[in-house]
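Coordinate inspection notes
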Amino acid sequence: MLATVTSIVMFGLALSMALCAYRLFRGPAVVDRLLAVDTISTNLLAFLIVLSIDQRTDVYLDSVIVLALLAFVATVAIAKALVWGRIID
Amino acid sequence: MTSGAEILASVLLLIGLAFTLLGSVGLVRFPDFYTRMHAPTKATTLGVSSMALAAVLVIPGGIVAVLMKALTIIAFLFLTAPIGAHMMARAARSGGIAPCEETRIDEMPTEPVGEDDGGHPAG
Amino acid sequence: MRLSLLVIPILPMILAGLLPSAGRLGHRGLPLVCGAVASVTLLLALRVAAPAFSGHAVTATIPWAPATGLNLTFLVDGLSLLFLLLILGIGLLVIAFARFYLSPDENLPRFYASLMLFMAAMLGVVTAGNLLLLVVFWELTSISSFLLIGFWDRDPAARSGAYQSLIVTGIGGLALLAGVLVLGGAAGTFDIVALAARGAEIRALPEMPVALGLILVGAFTKSAQVPFHFWLPSAMAAPTPVSAYLHSATMVKAGIFLLARLWTIFAATELWFYAVTGFGAATMLVGGWGALRHTDLKRLLAYSTISQLGLITMLYGLGTREAALAATFHILNHASFKAALFMSAGIIDHEAGTRDFAQLGGLRRHLPRMTILVGIAAASMAGIPPLNGFMSKELFYEATLPAHMADSIGASLGASWPWLLPVVAVLGSTLTMAYCLRLVIGTFFGPEGPYPQHPHEPPAGMRAPVELLATFCVAVGFLPGLIAEPLIATATSAVVGAHVHPHLALWHGLNPALLMTLIGLSAGAALYAARRGSARRALPPRLGRTAGELYDVAIHGMMDSARALTSRYQTGRLRTYILTILGLLLVLAGWHAWHASWPGAGGAAPLPARMPMTAVPRGAMVITVLTIAGAASVCALYRHRWPSILALGLVGALVAIYFAWMSAPDLVLTQLLVESVTTILVVLVLYFLPRKTRDREPRLRLILDGAFALLVGVSASAVIYAILRRPFESISSYHIANSLEGAGGGNVVNVILVDFRGYDTLGEITVLSIAAIGVLALVQAGRRTT
C-alpha cells in the first residue's frame, strides 16, 4: 500500500511543480518568478524525501539538507540583488 | 501485510501532498504578490515536515540517524522560510509592486528602503 | 649500515621547517640557532663518517620503491667528506657573517629557513648514494637557491635573476633526470656504488653517449659552464652571504661534484675527454675575459668564479690521476679564497656604500686590515706563492703537460698538439692575474673615489670569517702536509677509485710548471698595466650576442608568441567559447556515430535486462520533463535577464531528479550544490555587467545558433540513448575483486581513490593546491592595498 501512496504522492508533487512553473512563465514581476523557483525547490525537496521513503534508504536525505540550505541562500542572494544590486558589501 | 507504521506514514504523506498542492494552487490563483507569498510557505513548512516524519517512520537503519536528518531538515526549513519570505517581500516593496485594492493594513513605511541601483525588479 | 648517516641532511631540513615560525628569536637568536644546528651536524658527520678518513666508504640504505630502483641510499666516502666539510664549515662562517651583514628588519626567519633548506639539500646531494635521490636533492638546491636569490623580492633585478637561475638550472635538472634514467635503465641499477663497480661494462653500452651527454648538460648548467654561464652574474642580485655561500663555494660546485662522482665510470671515454675539457677550457677563458669587462665588484667575482669553475672542470675532463688530484685540491682552495673575497666585497659594499670601481679606490687608507685580507685571498686566486692557490695552480700546469697526458684518452692530442693545453692553461692564468690585480688595485689603491658613505673598519664579527679563511689560505700554503694532504688524499682516492698518496709541497724544484707560473703572472701583470687607463671603464662590448641576450630573446619570444596564439581563440565572447567546445564534441560524437554499430538500428533491440534505474512513476517523470522543457524555453526565449537566470537555476535543480531516477544519490547532491552556487555566482557577476544588452541580433545568426543548439541537443540525447542501450555491467565487481590482492587495501573506496583512480586524485590535488595558492596571493594582495 505504501508503494501506491508514494506513486500518487510523487505524481502529485510533479503536478505541483508544473503549477508553480506556470507562475514562472507568467509572474509579472521578478519576485513572482523568484517565489516560484523557491517553491519548486521545496517541492523537489519533498520529492526526494518521498523517493527515499519509496526506496527505503536514507541516502537522498543528505541532498535534501543541502538543497534546503542552498535554496535559501540563493533566494536571499537574489532578493538582495534585486533591492541593492550588490549582494556582498 | 501493511504495518501500523506504514499506514501512519501513508496518512502523513497524503497530508503533506495536500498541503503542497494547496500551496501551489494558491501560488497560481491569488491576486497579487503579497497574498501569493502566503501560500507556498504552508507547503514548505507543513507539507515537507509531515513527509519528513513519514520518512522517520518507515526508513530502516539507525533510527537515530534518520531521525537526526529529518529533524535537521525540518529545523532548517522552519528557520529559513520566514527569512526568505521577508527578503522577498522587501524586494517586492522596494521594487514598487503595489498591493491589490483589497489590502487594508499596510505596515511598510512610505519610502522604500535601500537604493535600487542595478536590479530590475520589474522583470 | 649506519642509519645515523641520514641525520646529516635531515637535521638542517627539520630546522628549516621550524624557522619560519621562530621569528621572535630575533636577529641574534636566529643565527645562533642555525650555527648551533650546523655545528652539531658537523660533529655528527665527522663521527659517523670517521671510517671514510681511512678510505672506507660508509653507506646506509632504506628501501623506498625497490621496484623502480629508488632507495634512500646514503654514501659517505672521501669525496663526500671533503664536500661535507666545505658545506658545513663555510656554512658556519656564512651564518656568522650574515648575522652582522643583514639588518634586523629584514625577513630574517625566511632567510635563515631558506639557507638551512639549501644546506640540507646540498648535504643530500653529496651524501646521496642513489642517482635518483641525488636528482631529488639537486632540484631542491635549485629551488632553495631561487628563494635565496629572490630574497629581496621588491627588487626587479633580484626577481629576474632568480627566475633566470631557476629556469636554467631547472632545464639542466630535467636533462640530468633524463640522463640518469637512461643510464639506470640501461645499466639496471641506480646505485652509485654498484655503477662504479661496473665502469667498463657501462662504457660499452650503446646508450652511453646519450646518457653522458644529458648528464653533462645537467652538470654544466649547475656549474655555470659555457654556454649556460649567464645566470651566475645575474644571481649576484642576491644578498652577499648568499653569494658567498651558494655561488662560490657550494651550489655551483654541485655540477663539479657530479663530475667527480662519475669520474670512475666515464673519464676513460672520448666523449668525456673532449666535451668536459673543451667546455671547461672555453669557460675558463670566457669567464676570465668577462671579469675584465665589468665595473661591479660582485660581477667581477662572479665571472672569476665562472672562470675558476671552468678550470676545475677542465681538469676533471683530462682524465688523469694528476688532473683529478689538482681538481680536488683546487675545489678546496677555491672555496676558501672565493668565499673570503665575496664576503670582503660585502664588507666593502656595507662600509663604502658602493660596489662600483668608478666610485671605489684608495680604500687602503680607511680599511687597512681589509686590504691585507683581500690581498691574501686575491693572491691565492692568482696563484702567487706561498699560498694554497699557488700549489693547486702548479698541479694544474703539471697535469696539462704532455708527459702527464701519456696514459690518458687524450694521449693522441698530447702527441699531435703538445702545446695546446699548456698554452690554454697559461692564458687562463694570465687573465686571472689581470683581474686579480684589477680587483685589488682598483679597490684599495689609487685615487680615492667619491664614496657614498664614509668607510671605516667593519665590526670584528663581520671580519672574523674573512680572517679565518685568509689564515686558512696561508696555513695550507705553508703546512699542506698537515692540514690539507690527508683530506685531499682520501677525497682524490674516492674520485679515482684507487689509493692516491699525493705529496703537496710548495717547492717541487725548477720544473716546467714553475716556468709556466712565472709566465702567467708576468703576462697578467702586463695585460693589466696595458689596460690600466681603462681600468675604471668597461671594455667595449664584444661582437655578436651573448648567451644572456639569447636567453632573453628566447623567453620573451616564447611569451609573445604564446600571447598571440591565445588571443586568436580566447576572444572574450561567450558565444565563441561555446561554439568551439560544443562543436568539437559534436565532431567527436559524429565520428563515433559514423563508425559505431547502433544497438537500436534494424529492429527494436530490447532494453538490457537490468537497468540501473529507480522506480519512479511514469507520470511524474513526464510532468517533470515537461516542466524542464518549459523552464528551458523560458530561459532561452525571454529577453530579460532575471527570468532567464531563474529558469536556468530551475532546470539545473530539476535535472537532479534525473540523477535520482538513475540511482545516483551522490550526483544528486553534487548537482544541487553546483546549481545553487552557480546561480549565486551569476547574480554576483550580474552587478558588473552593463545594464542593457544589444537590442537585436541579426536574424541569420539567431537561426544558425538555433540550428547548432538543436544539433547538439539531438547528439547528446543520441549518445545517452546509445549508452543506455548497451549491456550494463558495473565495474564495482572488478574493484572489489582486486582491491585486496592487487592494491593491498581493505577499504575499496579508499583504494579506488588512491590506486585505481590515482591519477584522477593527483589532478584534483594539483587543482586544489593551485586554487589555494591563488587565494593566498589574493588575500595577501588585498592586505597590502588596505
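Conventions and cut-offs
- Residues numbered from 1 in each chain as written.
- Chains lettered and ligands numbered in written order.
- Predicted model: local features only at pLDDT ≥ 70, side-chain atom pairs only at ≥ 80, totals over all residues.
- Heavy atoms only, no water.
- Helix = DSSP H or I, 4+ residues; strand = E, 2+ residues; numbered from the N terminus.
- Buried < 20%, exposed > 50% of the residue type's maximum accessible area, 1.4 Å probe, protein only.
- Contact = heavy atoms within 4.5 Å.
- Areas by Shrake-Rupley, 256 points an atom, 1.4 Å probe, with all protein chains shown as cover.
- Lys, Arg positive; Asp, Glu negative; His and termini not counted.
- Charge placed at Lys NZ, Arg CZ, Asp CG, Glu CD.
- Domains from an automatic or database assignment.
- Pairing = 2+ DSSP bridges.
- Buried area = accessible area lost by both parts, 1.4 Å probe.
- Salt bridge = Lys/Arg side-chain N within 4 Å of Asp/Glu carboxyl O.
- Polar contact = N/O pair within 3.5 Å; in protein donor to acceptor, adjacent residues only side chain to side chain.
- Nonpolar A, V, L, I, M, F, W, Y, C, P; charged D, E, K, R; others polar.

1. Concerning the overall build of chain C
The secondary structure content of chain C amounts to 34 helices and two strands. Along the first, second and third principal axes, the C-alpha atoms of chain C reach 110 × 60 × 55 Å. Burial analysis of chain C (786 residues in total) assigns 48% to the buried set. For chain C, long-range pairs separated by at least 24 residues make up 79% of all intrachain contacts whose partners lie at least 6 apart in sequence. Of the roughly 36,000 Å² of accessible surface on chain C, 69% is carried by carbon and sulfur atoms. Of the charged side chains in chain C, 50 are positive and 35 negative, and the gap between their average positions amounts to 9 Å.

2. Concerning unusual backbone geometry
The peptide bond linking V226 of chain C to P227 of chain C adopts the cis configuration, its omega dihedral lying at 0°. Counting through the fold element by element, P227 of chain C comes out in the loop between α10 (208–222) and α11 (231–234). Here the bond from P385 of chain C into P386 of chain C is cis, since omega is 0°, no more than 30 degrees from zero. Relative to the helices and strands, P386 of chain C is located in the loop between α18 (368–382) and α19 (388–400). Located in the positive-phi region is R56 of chain A, a residue other than glycine, with phi close to 55°. Looking at where R56 of chain A falls in the secondary structure, it is placed in the loop between α2 (30–55) and α3 (59–84). Although it is not a glycine, A224 of chain C adopts a positive phi angle of roughly 55°.

3. Observations regarding the domain arrangement of chain C
Here chain C is partitioned into domain 1 (267–539), domain 2 (571–605 + 702–728), domain 3 (616–694) and domain 4 (729–786). Distance from the C-alpha centre of domain 3 of chain C to the C-alpha centre of domain 4 of chain C: 29 Å.

4. Section: the pairing of strand β2 (residues 70–76) of chain C
Residue and element names in this part refer to chain C. Within β2, six of the seven residues are buried, which leaves it mostly tucked inside the rest of the structure. In the sheet, strand β1 (residues 58–65) pairs with β2 via seven bridges, with the strands oriented antiparallel. Residue pairing across strands places T61 opposite T73, the latter belonging to β2. Connecting β1 to the antiparallel partner β2 that follows it, the hairpin turn spans four residues, and G69 within it adopts a positive phi of roughly 85°.

5. Topic: the side chain of T42 of chain A
The residue T42 of chain A is located in helix α2 in this model. Setting aside its immediate chain neighbours within four residues, T42 of chain A contacts T44 and V48 of chain B.

6. Examining the interface of chain B and chain A
The interface is formed by 53 residues belonging to chain B together with 51 residues belonging to chain A. Buried surface at the junction of chain B and chain A, summed over both partners, amounts to about 4,500 Å²; 77% is from carbon and sulfur atoms. Inspection of the region where chain B meets chain A yields four salt bridges. The closest approach of N and O atoms between D62 of chain A and K69 of chain B, which form a salt bridge, is 2.9 Å. If you look at where chain B meets chain A, you find seven residue pairs in polar contact (both at pLDDT 80 or more). Mapped by element, the contributors of at least two residues to the side of chain B that touches chain A are α1 (4–29), α2 (33–36), α3 (38–58) and α4 (63–94) of chain B. Looking at which element gives the most residues to the side of chain B that touches chain A, the answer is α4 of chain B, with 15 residues. Classifying every residue of the side of chain B that touches chain A gives 33 nonpolar, 13 polar and seven charged.

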